[in-house]
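Summary of structural features
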Amino acid sequence: MERFDGSPSGGRYGEAVFRPEQAGEGERIDFGALAYDDVTLARLRALGVGPGWRCLDVGAGTGTVSRRLLDEAGVAGVLAVDRDVRFLAERPVPGLDVREADITAPDAVPGRFRLVHARFVLMHLPERERLIAELAERLEPGGVLVLSDAVDLTGERTPGTPYSTAMRAMWEGLRATIGTDVSWVPSYPRLLREAGLVRVGAEVHVPPLLPGSPISRFWADTWERSRAAMTATGLVDDAGVDAAVRYLESEECAALSAGMLTAWGWKPGPDA
Ligand SMILES: C[S@@+](CC[C@H](N)C(=O)[O-])C[C@H]1O[C@@H](n2cnc3c(N)ncnc32)[C@H](O)[C@@H]1O
């Protein structure tokens, strides 16, 4: 097997893996949303997001957070940006503007916002460090940038289970194909500070891996879609991926999901 030399080989998110046109991709994103949306909305509301706020949701996926910002938090409007807007366009709601754009392109997003939010997006983009600085530029004075991404909790001393083997293969496979890298995520508070933001905070949420839960179904679906990248690492074969899916569905399962780290920082201004 060739060794991975650090450069992604399979193109970008949505090309080699997680293709939006592949049946079931919207449902996969929705399983992740079901696992995390309540936590995300609670954090955004605790930060004060509410009536009058103009919001940007970067890599909005199926738009569950964008819609809940409008329906539950009562914000003034949300611009939802994604490289592929088919899922966003399926469920239009008043106040939701949709823009198809690659956020790594110059001037992908016009305007300034009081909230800029990106969840499970930057971890997949090799330009993440530059993008954090650019997203901070999209804030109006007193606005807040909120980033959420995965933190891998399978440590060196995690006993080998079908789950931990599959997780290691998934992270390495995604890194080799599209450049996903979650090792950066714990640095987000520092990167937000370096982008000129203040009152930086962060927290981690780990949903329980219970059989049939949205997060267990999310990982099973994610492994199915990244199976070729996983097996190409040589760390797991098809039978190993199948065993990991069965393990997730069984009462034997005793593992920690990857967590979601949420970090935020405020642009100095009248309210910050
Ligand atoms: C894992 S999904 C997360 C969706 C949503 N933020 C959520 O948490 O439910 C990642 C999303 O980022 C989008 N995305 C990936 N690369 C992008 C890019 N370069 N520009 C814009 N969107 C991108 C994908 O199309 C996908 O909808």
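Residues numbered from 1 in each chain as written. Predicted model: local features only at pLDDT ≥ 70, side-chain atom pairs only at ≥ 80, totals over all residues.

1. Regarding the overall build of the protein
Keep this limit in mind: By the criteria applied, helices consist of DSSP H or I runs no shorter than four residues and strands consist of E runs no shorter than two, each listed in order from the N terminus. All radius of gyration figures rest on C-alpha atoms, and the globule criterion is 2.2 Å times the number of residues raised to 0.38. Three classes are used. A residue is buried when 20 or more other C-beta atoms lie within 10 Å of its own, exposed when 12 or fewer do, and partly exposed in between, with C-beta atoms placed from the backbone.
Per the secondary structure count, the protein includes 9 helices and 7 strands. Scaling as 2.2 N^0.38, a compact globule of 272 residues should have a C-alpha radius of gyration of about 19 Å, and the protein matches this with 18 Å. For the protein, the C-alpha atoms occupy an extent of roughly 55 × 35 × 35 Å along the three principal directions. Burial statistics for the protein: of 272 residues in total, 40% are counted as buried.

2. Comments concerning the site of the ligand
So the rule is basically this: For each residue, a C-beta atom is placed from the backbone, and the residue counts as near a molecule or strand when that atom lies within 6 Å of it. Only Asp, Glu, Lys and Arg are considered charged, only Ala, Val, Leu, Ile, Met, Phe, Trp, Tyr, Cys and Pro nonpolar, and every remaining residue, Gly among them, polar.
Lining the immediate environment of the ligand, one finds 20 residues, of which Gly59, Gly61, Arg83, Ile103 and Arg119 sit closest. It is helix H1 (residues 25-46) that provides the largest number of residues to the shell around the ligand, a total of 3 residues. Tallied by class, residues from the shell around the ligand come to 8 nonpolar, 7 polar and 5 charged.

3. Here's the deal with the sheet that holds strand E7 (residues 259-266)
Formally: Two strands are counted as paired when DSSP detects at least two bridges linking them. To obtain each axis, a line is fitted to C-alpha atoms, and for helices this fit is confined to the stretch in contact; angles are then taken between N-to-C directions over 0 to 180 degrees.
Here we have 7 strands laid out as an open sheet, ordered E3-E2-E1-E4-E5-E7-E6, and mixed in their pairing. Each having just a single partner strand, strand E3 (96-100) and strand E6 (198-205) make up the two edges of the open sheet. Taking each pair of neighbouring strands and ignoring which way they run, the sheet shows an average axis angle of 15 degrees. In this sheet, E3 lies alongside strand E2 (residues 77-82) in parallel orientation, the contact comprising 5 bridges. Across the sheet, the residue bridging to Val81 is Arg99, located in E3.

4. Topic: the confidence of the model for the protein
Note the following rule: pLDDT expresses how confident the predictor is about each individual residue, on a scale running from 0 to 100. Any pair of residues counts as being in contact when their C-beta atoms, constructed from backbone geometry, are within 7 Å of one another.
Here the protein shows a mean pLDDT of 92. Residues at 70 or above account for 96%. Throughout residues 1-6 the model reports pLDDT below 50, and contacts reaching past four residues in sequence, or to other chains, amount to 2 contacts.

5. Some points on the environment of Gly212
Locating Gly212 in the fold gives a position in the loop between E6 and helix H7 (214-225). By the C-beta count within 10 Å, which is 8 here, Gly212 ends up exposed. The spatial distance from the C-alpha of Gly212 to the C-alpha of Pro51 is 36 Å, given a sequence separation of 161 residues.

6. Focus: unusual backbone geometry
Positioned with a positive phi, Phe120 is a non-glycine residue whose angle comes to about 55 degrees. Mapping Phe120 onto the fold places it in the loop between strand E4 (113-119) and helix H4 (128-137). Owing to 17 C-beta atoms within 10 Å, Phe120 belongs among the partly exposed residues under this scheme. Even without being a glycine, Arg199 presents a positive backbone phi close to 50 degrees. With respect to the secondary-structure elements, Arg199 resides in strand E6.

7. Topic: the environment of Asp97
By the secondary structure assignment, Asp97 is in strand E3. As for Asp97 and Ala220, which are separated by 123 residues in sequence, their C-alpha atoms are 32 Å apart.

8. Observations concerning the packing of H7 against helix H9 (residues 238-249)
For any two helices packed against each other, the geometry comes down to the angle between their axes and how far apart the axes lie. Defined as follows: Put simply, angles under 35 degrees are roughly parallel, angles over 145 are roughly antiparallel, angles from 65 to 115 are roughly perpendicular, and the rest are oblique.
Axis separation between H7 and H9 bottoms out at 10 Å; the angle between their running directions is 170 degrees. Between H7 and H9, the crossing angle belongs to the class labelled roughly antiparallel. Facing H7, whose interface residues are Ser216, Trp219, Ala220 and Trp223, H9 presents Val241, Ala244, Val245 and Leu248. The residue inventory of the contact of H7 with H9, partitioned by class, reads 7 nonpolar, 1 polar and no charged.

9. So, H9
What counts, and what does not: Helix span, as expected, comes to 1.5 Å for every residue beyond the first. This arc is built from the directions going out from the helix axis to the C-beta atoms.
Its 12 residues give H9 an end-to-end C-alpha distance of 17 Å, which sits within 8% of 16 Å, the value for a rise of 1.5 Å per residue. Within H9, the full set of buried residues consists of Val241, Ala244, Val245, Tyr247 and Leu248. Buried residues of H9, seen end-on, are gathered within an arc of 160 degrees and therefore sit on one face of the element. Seen from the buried face of H9, the exposed residues on the opposite side, beyond 90 degrees, are Asp238 and Ala239.

10. Concerning the pairing of E2
This is how it is decided: Here, the term right-handed applies to a crossover whose path from the first strand over the helix to the second runs clockwise when the strands point away from the viewer.
Counting buried positions along E2 yields 5 of 6 residues, so the element is predominantly enclosed. In this structure, strand E1 (residues 54-58) lies alongside E2, joined through 5 bridges in parallel fashion. Among the inter-strand pairings, Val58 is bridged to a residue of E2, identified as Val81. Of the crossover connections in this fold, the one passing from E1 over helix H2 (residues 64-71) to the parallel E2 is right-handed.

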